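Survey of secondary and tertiary structure
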Amino acid sequence: MGRKSSSKQNTKKNSSKEGSKYEQQKRKELAVLVDKLLKLTSIFQATVTPAKSWEHYLEIESLLKQIQNIEAPKTKSETPSRESNIQEFLKWLSENEAQYEGVEIASFKGYDLGLKATKDFKEGSLMLTIPRKVMMSEQDARESILGKFIEVDPLLQNMPNITLALFLLMEKSKPDSFWAPYIAVLPERYSTILYFTPEELAELKPSPVLESSLKLYRSIARQYAYFYMKIHTLDLPVVKNLQDIFTFENYRWAVSTVMTRQNNISLSHADTTAFIPLWDMCNHQHGKITTDFNKELSRGECFALRDFAAGEQLFIFYGARPNSDLFLHNGFVYPDNQYDSLSLCLGISSEDPRRAARRALLSRLGLGGAAHYPLYAAAAPVSAELRAIPCGLGWGAAHCPLYAAAAPVSAELRAFVRIFCMDEEDLTKWSSHNVPSELVSSEPSSAEAVGAALDRKAYNYLMTRCKLLKTLYAKSKTEEKELTLHRNNVKLLKECEVRILDGAIEYLQGVIDSLPVEETK
Ligand SMILES: C[S@@+](CC[C@H](N)C(=O)[O-])C[C@H]1O[C@@H](n2cnc3c(N)ncnc32)[C@H](O)[C@@H]1O
């Protein structure tokens, strides 16, 4: 017996020794891979060709796959579905004085969860009030033990969304977290590009969103490597807490939660980035922004953007954003998007003998550093101010004015094509203007100053570019495979982009046909 139990103990000791040896070995392998990742994501130059950029992405993706294999827990713990946690979440909200009478959480095809009206709501009526105390914010992160990490880390000091992602991870690992009921109803995974396979991403070609996606992927991979290193080298109690939970899988989850749900709120003393429980269950529909933070009552208030009948899904408007932005930061595409645009990548060739003069003119119009010029969907009624709303879900921007853009060709794109098509004489003439503002305008007086000959060349050039791009989209059509959510989003995005090109081609034809022929040089 005795011998038997001591041999059992020895076996246990040996296996725990082997276990810790195995852990050490894993940590070493991981450290080598993360170091490679950090180096790889640091060397990228923005000017490389799309082919090089794709190769670079594949290298990063392959390293991350190896990292994920090492980091993955051997046994997957069974977590209850988010749906089964809804009652507990609603109870927590009520206990903390959130008001949501006439609203319930329900599942909607194509949206996952959303909010459903259980009574009629008139346009402008109050639907939800969410007290500040249930919101999880960057300010809470600063006041938590993460504060010590923020104090010594420049990235966390300057990027509130990353701080919020790390705070979310930390709170998720704490069973007694105040926000546990909220975290338990968050999605398990997302449809952001961080979850796309290389095959799914490749289907984005020739959309300019492919390049933005690779850039985003690179940046998140770099952040992961950077924080992994910090967490495993800094001597702070908080980073010890993060060591076991900071994996790439967890980081992409936290970052995607932030990207798809964060909001900027104006508290009495400062702005902060925050999650707003329950309100962030609302899906997006076209409309107006009807949510804001009430500083006196210290709560978020959400009003009905239109009449909603009992039984209907309750939507909010996330803000005037093109589909490229919704796809990249929110993981969905809104086909009926009045604020859609397509970014054209344009530049002056280094072989162009008049490059310096053209670039000088562009600089005078503030377009010196521009490489992307928007083409708008048929009638994109939006102000520059509204377009600039960051990744939030359209919180508190009710005062941003909307105006109807007259044409698919943006002012900056119009200026670019005019300057691009100028001959020596035109360049000399326009270079004598301090600010050649007429080049951005489509007003008849400006068109007259520019002249029909130059406009004909410029609009024809743009038309050729649009037609060429359209043929690239047609060529990129892939064979009909099963349409996953990711592939469906890619398909919708590209269809919307082709629609913008069609609108632009029709518009340009109209403009060209209306130009006075006699003025042509
Ligand atoms: C703030 S959350 C809204 C609640 C979310 N549906 C859920 O299940 O938690 C934003 C996410 O909802 C989905 N979503 C919102 N509006 C949508 C729409 N109009 N079409 C498709 N998906 C939408 C997207 O996945 C987006 O990332």
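Residues numbered from 1 in each chain as written. Predicted model: local features only at pLDDT ≥ 70, side-chain atom pairs only at ≥ 80, totals over all residues. Heavy atoms only, no water.

A look at the overall build of the protein chain
- For the protein chain, the count of helices and strands is 20 helices and 12 strands.
- Split into buried and exposed, the 521 residues of the protein chain put 50% on the buried side.
- Long-range contacts, defined here as pairs at least 24 residues apart, represent 76% of the contacts in the protein chain between residues at least 6 apart. (Helix = DSSP H or I, 4+ residues; strand = E, 2+ residues; numbered from the N terminus. Buried < 20%, exposed > 50% of the residue type's maximum accessible area, 1.4 Å probe, protein only. Contact = heavy atoms within 4.5 Å.)

With respect to the site of the ligand
- Of all residues adjacent to the ligand, which total 18 residues, the nearest are R82, Y111, L113, N283 and N330.
- Between the ligand and Y111, the relevant distance is 2.7 Å, taken from a nitrogen atom to a main-chain nitrogen or oxygen of the residue.
- Here a nitrogen atom of the ligand sits 2.7 Å away from a polar atom, N or O, in the main chain of L113.
- Burial of the ligand by the surrounding chains reaches 89%, relative to a free accessible area of 570 Å².
- Elements represented by at least two residues in the shell around the ligand include exactly β2 (112–117), α12 (248–261) and β7 (283–284).
- Broken down by class, the residue content of the shell around the ligand amounts to 9 nonpolar, 5 polar and 4 charged. (Near = heavy atom within 4 Å. Polar contact = N/O pair within 3.5 Å; in protein donor to acceptor, adjacent residues only side chain to side chain. Areas by Shrake-Rupley, 256 points an atom, 1.4 Å probe, with all protein chains shown as cover. Nonpolar A, V, L, I, M, F, W, Y, C, P; charged D, E, K, R; others polar.)

A look at the pairing of strand β9 (residues 299–303)
- Across the 5 residues of β9, 4 count as buried, placing the element largely inside the fold.
- In the sheet, strand β8 (residues 291–294) pairs with β9 via 4 bridges, with the strands oriented antiparallel. When the sheet's bridge partners are listed, F293 is paired in β9 with G300.
- Counted along the chain from β8 to the antiparallel partner β9, the turn is 4 residues long, and its residue S298 has a positive phi close to 50°. (Pairing = 2+ DSSP bridges.)

So, the layout of surface pockets
- If you add up the space inside the second largest pocket, you get close to 1800 Å³.
- Of all elements in the fold, only α2 (50–71), α10 (209–231), α13 (323–330), β11 (341–345), β12 (372–376) and α19 (452–475) reach the threshold of two or more residues within the lining of the second largest pocket.
- With 8 residues, the single largest contributor to the lining of the second largest pocket is α10.
- Across the lining of the second largest pocket, the residue classes tally to 25 nonpolar, 10 polar and 9 charged. (1 Å grid on protein atoms, 1.4 Å probe; cavity = no way out; pocket = protein on both sides within 12 Å on 5 of 7 lines; lining within 4 Å. Points joined across faces, edges and corners; volume = space filled by probe spheres on them.)

A short note on empty space enclosed by the protein
- This model, assessed by the stated rule, comprises 1 cavity of 30 Å³ or more.
- Computed from the structure, the largest cavity encloses a volume of approximately 30 Å³.
- If you trace the largest cavity, you find it lined by H284, H286, F317, G319, R321, L326, Y334, N337, Q338 and Y339.
- Residue composition of the lining of the largest cavity, by class: 4 nonpolar, 5 polar and 1 charged.

Notes on the sheet that holds strand β5 (residues 263–266)
- Taken in spatial order, the 3 strands line up as β4-β6-β5 in an open sheet, and their pairing is antiparallel. At either margin of the open sheet sits one strand with a lone partner, and together these are β4 (136–137) and β5.
- Relative to strand β6 (residues 271–275), β5 runs antiparallel, the two sharing 4 bridges. Bridging from a neighbouring strand, N263 pairs with A274 of β6.

As for the nonpolar core
- Membership of the largest hydrophobic core comes to 111 residues, with the highest contact counts inside it found for L128, L146, F149, Y224, F227 and L278.
- Sort the elements by how many residues they give to this core and α10 lands first, with 13 residues.
- If near-sequence neighbours (up to four positions away) are discounted, L278 is found in contact with F89, L90, L93, Y100, I105, L115, L128 and I130.
- Ranked by size, the runner-up nonpolar core spans 38 residues in total, among them L367, A415, L427 and Y473. (Core = buried A, V, L, I, M, F, W, Y, C linked by side-chain atoms within 4.5 Å.)

Details of the pattern of salt bridges
- Evaluated as defined, the whole model comprises 25 salt bridges.
- The shortest N-O distance in the salt bridge between E95 and K91 comes to 3.7 Å. Placement of both E95 and K91 in helix α3 (residues 86–95) is noted, with a separation of 4 residues, approximately one turn of the helix.
- By relative accessible area, K91 is classed as partly exposed at 46%.
- Of the charged contacts, one joins E203 and R487 as a salt bridge, the two residues approaching to 2.9 Å between their closest N and O atoms. Of this pair, E203 sits in the loop between α9 (198–202) and α10 while R487 sits in helix α20 (residues 485–514), and the two are 284 residues apart along the sequence.
- According to the relative accessible area criterion, E203 is buried, its value standing at 10%.
- Of the residues examined, R487 reaches a relative accessible area of 8% and is grouped as buried. (Salt bridge = Lys/Arg side-chain N within 4 Å of Asp/Glu carboxyl O.)

Observations concerning the environment of Q139
- Mapped onto the elements, Q139 comes out in helix α4 (residues 138–143).
- In this structure, the C-alpha to C-alpha distance between Q139 and D271, residues 132 residues apart in sequence, is 9.1 Å.
- Aside from chain neighbours lying at most four places away, what touches Q139 is R132, L267, H269 and T272.

Regarding the packing of aromatic side chains
- What the rule picks out here adds up to 24 aromatic pairs.
- Taking the centre distance of 5.7 Å and the plane angle of 75° together, the rings of F167 and W179 count as edge-to-face. Taken together, the residues F167 in helix α7 (residues 160–172) and W179 in the loop between α7 and α8 (180–183) connect sequence positions 12 residues apart.
- By relative accessible area, which is 2% here, F167 ends up buried. (Phe/Tyr/Trp six-rings, centres within 6.5 Å; stacked < 30°, edge-to-face > 60°.)

Side note on the environment of A447
- In this fold, A447 is placed in helix α18 (residues 444–450).
- Setting aside residues up to four positions removed in sequence, A447 forms contacts with R418 and D455.

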